[in-house]
There are 2 protein chains.
Amino acid sequence: MEINGVEYTCPMPEVDFDTITLGHGSGGLLTNKLLEQTIFRLFSNEHIDQQHDGAVFSFHGKMAFSTDSFVVSPIFFPGGNIGDLAMNGTMNDLAMCGAIPKYVSLGLIIEEGLKVESLWKLLESIKRISNLYGVQVVTGDTKVVERGKGDKIFINTSGIGEVKSKARIGINNIKPGDHILLSGNIATHGMAIMSVREGLEFETSLQSDTQYVGEVSAMLIDEFGDRIRFLRDPTRGGLATTLNEVASKLERSVELDEALIPVLPQSASACELLGLDPVYVANEGIFIVVVDPEISLEAIKLMQQYSISKQAAYIGKITTNYPKKVIMNSRIGGRRVLSMLIGEQLPRIC
Amino acid sequence: MEINGVEYTCPMPEVDFDTITLGHGSGGLLTNKLLEQTIFRLFSNEHIDQQHDGAVFSFHGKMAFSTDSFVVSPIFFPGGNIGDLAMNGTMNDLAMCGAIPKYVSLGLIIEEGLKVESLWKLLESIKRISNLYGVQVVTGDTKVVERGKGDKIFINTSGIGEVKSKARIGINNIKPGDHILLSGNIATHGMAIMSVREGLEFETSLQSDTQYVGEVSAMLIDEFGDRIRFLRDPTRGGLATTLNEVASKLERSVELDEALIPVLPQSASACELLGLDPVYVANEGIFIVVVDPEISLEAIKLMQQYSISKQAAYIGKITTNYPKKVIMNSRIGGRRVLSMLIGEQLPRIC
């Protein structure tokens with residue numbers, strides 16, 4: 001079955017209830033049934049099969065640990081769903097620490113009335129990504145809240161990754177002159193969500209870019225080691241906000257060339273229609289990489305070999321000209337200060 | 001300031017907003033302000049100060065990893081709040097794996113309109129527990145949802161702990177004849193919450209038992225090693241549900257003596273009033289320990305030396321008489337099968 005351009009191929013097994021009720025959050029018999037018939041069935045592995053309060057495993061080395069709660073609305077959107085997003089999001093956060101994701105926890109807060117079939121589809125998507133990248137869902141928790149006290153489902157994923165031995169990712173490693181590369185088109189996720197929100201419909205079909213970017217970031221670290229200075233995925237608040245955080249913490253400036261920032265024509269025109277600047281629109285499947293300028297071209301070439309980053313481009317550099325500021329050199333030769341996103345552009349984008 | 005028997009002593013610093021708005025979840029300037037003025041200020045440590053997508057640290061050995069989302073209502077209740085509960089809950093889950101909690105992540109889902117002062121009090125409680133037990137909050141995430149799409153605040157905590165080298169906790173280590181000990185009174189948390197829910201007021205004042213139990217479980221492991229077979233905290237679903245999970249997975253029976261199960265008189269009478277069986281009522285500050293019968297008495301004595309477990313008692317044993325069943329020997333000499341909790345007794349208890 002296809003929904004919003006996403007294929008669901010794993011048929012739901014027979015379950016003896018079709019809607020989530022408060023009882024499914026009781027911790028008692030119904031919770032047990034729900035877990036046995038969905039989560040434990042789908043994610044069976046040596047850790048989750050223990051059904052204990054937590055998972056136990058051995059770990060030796062440098063670890064990355066990250067958490068993210070997802071409240072995106074609608075829960076199914078063009079190109080993905082809240083399940084995809086929760087897996088990719090936390091895995092990307094780990095990747096941005098220079099790590100390979102290994103274990104993920106799954107915390108569900110369900111509003112009573114959610115169809116079990118919807119839940120199953122979200123879990124199926126999570127499982128698909130888990131299989132694809134060898135990331136195990138090892139522990140979890142399920143709560144149910146009354147109708148009107150939640151909104152269908154919120155998902156928290158927390159993750160543990162193994163930091164690559166060659167990784168030297170850190171904002172303090174960034175030097176003036178370093179190049180800023182971007183792996184792909186901005187504003188795609190935000191505009192895809194906006195396209196299905198009430199009252200807004202564009203003529204073109206935009207799909208969210210939700211995806212795992214860690215294979216490419218890992219490849220960059222393998223190839224270039226400490227010349228990859230910094231990684232970050234510009235999600236909520238968009239490219240401009242993320243780079244403002246960098247500039248501010250680093251006490252350097254970020255200078256960007258507007259003409260070099262990749263954006264799909266349909267996102268650009270949708271932004272124009274709505275009076276939005278794409279640099280503030282949320283992304284889910286791209287990342288910023290700050291590199292030693294000497295390897296900049298090579299790094300771009302490497303990134304362009306992968307389908308998820310074939311639009312990879314140089315977009316600007318680190319300078320000392322305007323401490324703590326992000327400067328945009330516009331297409332028509334002007335320059336302006338890009339502040340952080342002020343206010344709220346689109347609530348519940350992720 | 002005291003609320004519901006809990007002291008709040010850490011004054012809120014000057015903040016320039018008094019209510020959480022959707023903008024605080026934008027990922028932009030307001031999110032930044034909220035974090036700078038509350039979370040980063042309160043939890044400052046080498047990891048969270050990085051303000052990266054995740055925390056990075058070294059780990060060598062056996063690790064426990066656990067997650068829990070908390071949706072308790074009301075968020076301030078007699079004897080605690082959702083912040084206390086979220087810290088103690090995940091730390092207890094790690095302790096039940098035989099681990100010492102080390103690092104915690106904090107995922108907040110806030111409904112717009114929450115007072116910053118309430119948020120500060122919750123964070124203060126989290127920080128107090130963090131200090132008390134040396135557990136660092138190292139990474140986090142904050143989302144805001146529209147009014148009527150959440151309920152004040154939901155908190156996810158995920159945690160990482162170091163499994164004690166002498167720990168051999170596992171359901172498969174349980175043998176017929178093993179004793180079941182309980183660290184304290186049952187039904188206290190559930191009845192404390194019920195006492196403040198709309199329309200229900202008891203004459204006596206009950207306080208939640210939310211607390212960290214891991215110091216005592218760690219001491220038991222240090223002292224008795226593999227003779228401590230299994231640990232579990234009976235939260236949602238109560239003692240009866242937790243022991244049913246044990247009996248069912250173990251394919252043995254659990255036989256309990258009703259007269260030996262500790263319960264506060266005021267909880268017992270409140271349960272009677274409401275027609276509830278205290279064995280199904282949620283707990284937050286007690287744990288079940290299954291031990292080799294040879295060390296049972298010694299273990300109880302050890303537990304009784306600690307204030308959190310001075311009511312520790314033998315409550316029953318593992319037998320082969322009624323596979324997969326929990327049997328209650330009643331005060332008046334009868335015996336009955338205790339099933340898991342069926343339906344929902346009290347939604348959003350944790």
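Residues numbered from 1 in each chain as written. Chains lettered and ligands numbered in written order. Predicted model: local features only at pLDDT ≥ 70, side-chain atom pairs only at ≥ 80, totals over all residues. Heavy atoms only, no water.

## Some thoughts on the overall build of chain A
Line of reasoning, step 1. Looking only at helices and strands, chain A has eight helices and 15 strands in total.
Line of reasoning, step 2. Principal axes of the C-alpha set define a box for chain A whose edges measure 65 × 50 × 30 Å.
Line of reasoning, step 3. Expressed as a percentage of the 350 residues in chain A, the buried residues total 64%.
Line of reasoning, step 4. Looking at chain A alone, contacts between residues at least 24 apart form 86% of all its contacts between residues at least 6 apart.
Line of reasoning, step 5. Separation between the mean location of the 32 positive side-chain charges and that of the 42 negative ones in chain A comes to 6 Å. (Helix = DSSP H or I, 4+ residues; strand = E, 2+ residues; numbered from the N terminus. Buried < 20%, exposed > 50% of the residue type's maximum accessible area, 1.4 Å probe, protein only. Contact = heavy atoms within 4.5 Å. Lys, Arg positive; Asp, Glu negative; His and termini not counted. Charge placed at Lys NZ, Arg CZ, Asp CG, Glu CD.)

## Things to note about the interface of chain A and chain B
Line of reasoning, step 1. On the chain B side, the residues contacting the 77 residues of chain A number 77 residues.
Line of reasoning, step 2. The junction of chain A with chain B conceals about 6,100 Å² of combined surface from both sides, 57% of it contributed by carbon and sulfur atoms.
Line of reasoning, step 3. Its largest share of buried area at the contact with chain B, chain A owes to Asp53, Phe65 and Arg236 of chain A, together 13% of the area lost on that side.
Line of reasoning, step 4. Scanning the region where chain A abuts chain B turns up eight salt bridges.
Line of reasoning, step 5. Applying the counting rule to chain A against chain B returns 37 residue pairs in polar contact (both at pLDDT 80 or more). (Buried area = accessible area lost by both parts, 1.4 Å probe. Salt bridge = Lys/Arg side-chain N within 4 Å of Asp/Glu carboxyl O. Polar contact = N/O pair within 3.5 Å; in protein donor to acceptor, adjacent residues only side chain to side chain.)

## Some details on the pairing of strand 8 (residues 153-163) of chain B
Residue and element names in this part refer to chain B.
Line of reasoning, step 1. For strand 8, a buried count of 10 out of 11 residues is recorded, marking the element as mostly surrounded by other parts of the structure.
Line of reasoning, step 2. Across eight bridges, the pairing between strand 3 (residues 55-70) and strand 8 is antiparallel. By the bridge assignment, Ser66 is partnered in strand 8 with Gly159.
Line of reasoning, step 3. Of the strand pairs in this sheet, strand 6 (residues 99-111) and strand 8 are connected by 11 bridges, and their pairing is antiparallel. Note on strand 8: the bridge partner recorded for Ser105 is Ser158. (Pairing = 2+ DSSP bridges.)

## Side note on the packing of helix 1 (residues 29-43) of chain B against helix 3 (residues 116-133) of chain B
All names here are of chain B.
Line of reasoning, step 1. Look at helix 1 against helix 3: their axes get within 10 Å of each other, and the N-to-C directions meet at 20°. Between helix 1 and helix 3, the interaxial angle falls into the category roughly parallel. Here the hand of the crossing between helix 1 and helix 3 comes out right-handed. Residue-level contacts link Leu34, Gln37, Thr38, Ile39, Leu42 and Phe43 of helix 1 to Val116, Leu119, Trp120, Leu123, Glu124, Ile126 and Lys127 of helix 3. (Axes fitted to C-alpha atoms, helices over the stretch in contact; angles between N-to-C directions. Parallel < 35°, antiparallel > 145°, perpendicular 65-115°, else oblique. Left-handed = near helix turned anticlockwise from the far one by under 90°.)

## Section: the state of the cysteines
Line of reasoning, step 1. With the rule as written, the count across this model stands at zero disulfides over all chains.
Line of reasoning, step 2. In this model Cys271 of chain A remains outside any disulfide bridge; the closest cysteine sulfur is found in Cys350 of chain A, 16 Å from its own.
Line of reasoning, step 3. No disulfide involves Cys97 of chain B; its sulfur sits 17 Å from the nearest other cysteine sulfur, which is in Cys350 of chain B. (Disulfide = S-S within 2.5 Å.)

## Topic: the side chain of Arg229 of chain B
Residues and elements named next belong to chain B.
Line of reasoning, step 1. Relative to the assigned elements, Arg229 resides in strand 10 (residues 228-232).
Line of reasoning, step 2. By relative accessible area, which is 9% here, Arg229 ends up buried.
Line of reasoning, step 3. With near-sequence residues (within four places) excluded, Arg229 lies in contact with Arg168, Ile169, Gly170, Asn173, Ile174, Lys175, Asp178, Val290, Val291 and Asp292.

## Overview of the pattern of salt bridges
Line of reasoning, step 1. Taken as a whole and judged by the stated rule, the model has 36 salt bridges over all chains.
Line of reasoning, step 2. Among the ionic pairs, Arg232 of chain B bridges to Asp53 of chain A, the shortest N-O distance being 3.7 Å. Residue Arg232 of chain B is located in strand 10, and its partner Asp53 of chain A is located in the loop between helix 1 (29-43) and strand 3 (55-70); the two belong to separate chains.
Line of reasoning, step 3. A relative accessible area of 15% places Asp53 of chain A in the buried class.
Line of reasoning, step 4. One salt bridge connects Lys33 of chain B with Asp16 of chain B, and the closest N-O pair in it is separated by 3.3 Å. Of this pair, Lys33 of chain B sits in helix 1 while Asp16 of chain B sits in the loop between strand 2 (6-7) and helix 1, and the two are 17 residues apart along the sequence.
Line of reasoning, step 5. Owing to a relative accessible area of 51%, Asp16 of chain B belongs among the exposed residues under this scheme.
Line of reasoning, step 6. Through salt bridges with shared partners, a single ionic network connects Asp178, Arg227, Arg229, Asp292 and Glu294 of chain A.

## Brief notes about the sheet that holds strand 13 (residues 313-319) of chain A
Residues and elements named next belong to chain A.
Line of reasoning, step 1. Reading across from one edge, 10-12-9-13-11-14-15 is the order of the seven strands in this open sheet, with mixed pairing throughout. A single partner strand is all that each edge strand has here, and the edge strands are strand 10 (228-232) and strand 15 (335-338). Strand after strand, the sheet turns through a mean of 25° between neighbouring axes, direction not considered.
Line of reasoning, step 2. Where strand 11 (residues 253-257) meets strand 14 (residues 326-329), four bridges bridge the pair, whose relative direction is parallel. Paired with Glu255 across the two strands is Ile327, which belongs to strand 14.

## Here we look at helix 6 (residues 238-250) of chain B
Residues and elements named next belong to chain B.
Line of reasoning, step 1. Across its 13 residues, helix 6 extends 19 Å between first and last C-alpha, which sits within 8% of the 18 Å expected from 1.5 Å per residue.
Line of reasoning, step 2. Extensive coverage of helix 6 is indicated by the burial of 10 of its 13 residues.
Line of reasoning, step 3. For helix 6, the set of buried residues is Gly238, Leu239, Ala240, Thr241, Thr242, Leu243, Asn244, Val246, Ala247 and Leu250.
Line of reasoning, step 4. The first or second residue beyond helix 6 is Glu251, which carries a positive phi of 60°. (Expected span 1.5 Å × (residues − 1).)

## Quick word on helix 4 (residues 188-196) of chain B
Line of reasoning, step 1. The buried fraction of helix 4 of chain B is high, at eight of nine residues.
Line of reasoning, step 2. The set of residues buried in helix 4 of chain B consists of Thr188, His189, Gly190, Met191, Ala192, Ile193, Met194 and Ser195 of chain B.

## Topic: unusual backbone geometry
Line of reasoning, step 1. For the bond from Ser73 of chain A to Pro74 of chain A, the omega torsion is 0°, close enough to zero to count as cis.
Line of reasoning, step 2. Even without a glycine there, the phi angle at Gln51 of chain A is positive, about 50°.
Line of reasoning, step 3. Its place among the elements puts Gln51 of chain A in the loop between helix 1 and strand 3.
Line of reasoning, step 4. Residue Gln51 of chain A is classed as partly exposed on the basis of its relative accessible area, which comes to 27%.
Line of reasoning, step 5. Unlike most non-glycine residues, Asn4 of chain B shows phi in positive territory, near 50°.
Line of reasoning, step 6. Position of Asn4 of chain B relative to the elements: it lies in the loop between strand 1 (2-3) and strand 2.
Line of reasoning, step 7. Residue Asn4 of chain B is classed as partly exposed on the basis of its relative accessible area, which comes to 32%.

## So, the pairing of strand 11 (residues 253-257) of chain B
All names here are of chain B.
Line of reasoning, step 1. For strand 11, the buried fraction is high: four of the five residues fall into the buried class.
Line of reasoning, step 2. Alignment of strand 11 against strand 13 (residues 313-319), held across four bridges, turns out to be antiparallel. Across the sheet, the residue bridging to Leu256 is Gly316, located in strand 13.

## Thoughts on the environment of Ile171 of chain A
All names here are of chain A.
Line of reasoning, step 1. Topologically, Ile171 is positioned in the loop between strand 8 (153-163) and strand 9 (179-182).
Line of reasoning, step 2. In the structure, Ile171 is positioned 25 residues away from Glu146 in sequence and 43 Å away in space, judged by C-alpha atoms.
Line of reasoning, step 3. Beyond its immediate stretch of four places on either side in the chain, Ile171 contacts Phe230, Val246, Lys249 and Leu250.

## Some points on the domain arrangement of chain A
Residues and elements named next belong to chain A.
Line of reasoning, step 1. Split by domain assignment, chain A resolves into domain 1 (2-163) and domain 2 (171-337).
Line of reasoning, step 2. Distance from the C-alpha centre of domain 1 to the C-alpha centre of domain 2: 28 Å.
Line of reasoning, step 3. Where domain 1 abuts domain 2, roughly 1,700 Å² becomes buried across the two surfaces, and 61% of that area is made up of carbon and sulfur atoms.
Line of reasoning, step 4. Contact with domain 2 buries surface across domain 1, with Pro78, Asn92 and Met96 losing the most and accounting together for 36% of the total.
Line of reasoning, step 5. The interface formed by domain 1 and domain 2 contains zero salt bridges.
Line of reasoning, step 6. In this structure, the connection of domain 1 to domain 2 is made through seven residue pairs in polar contact (both at pLDDT 80 or more).
Line of reasoning, step 7. When residues of the side of domain 1 that touches domain 2 are assigned to their parent elements, the largest contribution, eight residues, is made by helix 2 (residues 82-96). (Domains from an automatic or database assignment.)

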